[in-house]
Amino acid sequence: MNKSKTLNNESGHILDSVVIQVASQGGLNPGWPPEVRRIMEQSLLNIGFGNAVAAERVVAIVSPNSAPMKRLKDEAKQEKRLVDVTHGRRTRSIIVMDSNHIILSAIQAETISQRFTSLKPAKESK
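Just so you know, these numbers come straight off a predicted model, no measurement behind them. (Residues numbered from 1 in each chain as written. Predicted model: local features only at pLDDT ≥ 70, side-chain atom pairs only at ≥ 80, totals over all residues. Heavy atoms only, no water.)

### So, the pairing of strand S4 (residues 51-54)
Piece 1. Here strand S3 (residues 44-48) runs beside S4; their pairing, made up of 4 bridges, is antiparallel. The residue bridging Leu 45 from the neighbouring strand is Val 53, located in S4.
Piece 2. In this structure, the hairpin formed by S3 and S4 is closed by a connection of 2 residues, where Phe 49 is found at a positive phi of approximately 55°. (Pairing = 2+ DSSP bridges. Helix = DSSP H or I, 4+ residues; strand = E, 2+ residues; numbered from the N terminus.)

### What about the sheet that holds strand S5 (residues 58-62)?
Piece 1. With mixed pairing, the 4 strands of this open sheet are ordered in space as S5-S7-S8-S6. Looking along the sheet, the strands with just one partner apiece sit at the ends: S5 and strand S6 (82-84). Between one strand axis and the next, the sheet turns by 20° as a mean value, whatever way the strands run.
Piece 2. Pairing of S6 with strand S8 (residues 102-105) involves 3 bridges; the strand directions are parallel. When the sheet's bridge partners are listed, Asp 84 is paired in S8 with Leu 104. (Axes fitted to C-alpha atoms, helices over the stretch in contact; angles between N-to-C directions.)

### Some points on the pattern of salt bridges
Piece 1. Evaluation of the coordinates by the stated rule reveals 2 salt bridges.
Piece 2. The partner of Asp 98 in a salt bridge is Arg 57, and the shortest N-O contact between them spans 2.9 Å. With Asp 98 in the loop between strand S7 (93-97) and S8 and Arg 57 in the loop between S4 and S5, this residue pair connects regions lying 41 residues apart in the sequence.
Piece 3. Accessibility expressed as a relative area gives 35% for Arg 57, which makes it partly exposed.
Piece 4. The partner of Glu 79 in a salt bridge is Arg 81, and the shortest N-O contact between them spans 2.8 Å. (Salt bridge = Lys/Arg side-chain N within 4 Å of Asp/Glu carboxyl O. Buried < 20%, exposed > 50% of the residue type's maximum accessible area, 1.4 Å probe, protein only.)

Structure representation (structure tokens):
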């Protein structure tokens, strides 16, 4: 059984309009457009509580304790670029994405950095 759903945002770029297909057999369908296949092949970085981000889009993983990081978080919140995935827990890391979004996580920055580093050898062996 195949289900499809289109997710759009205001920018309308081809990569921003992603078609998600859930196939009963799993895997990549060779009939999917190249843009969708490229998105589906991205490595996902686990940032806690069942949340993940595309590892290729991560710019920095930092500790939230310094004043500049607090300002970065506040500015992102005002500009509606902040994604909070802490589930009400204390923020222990800030992830900066290439889209200029800021992600707050309850997982230690060191732990996320180790997960990020472990993804690279797995990706290179493909």
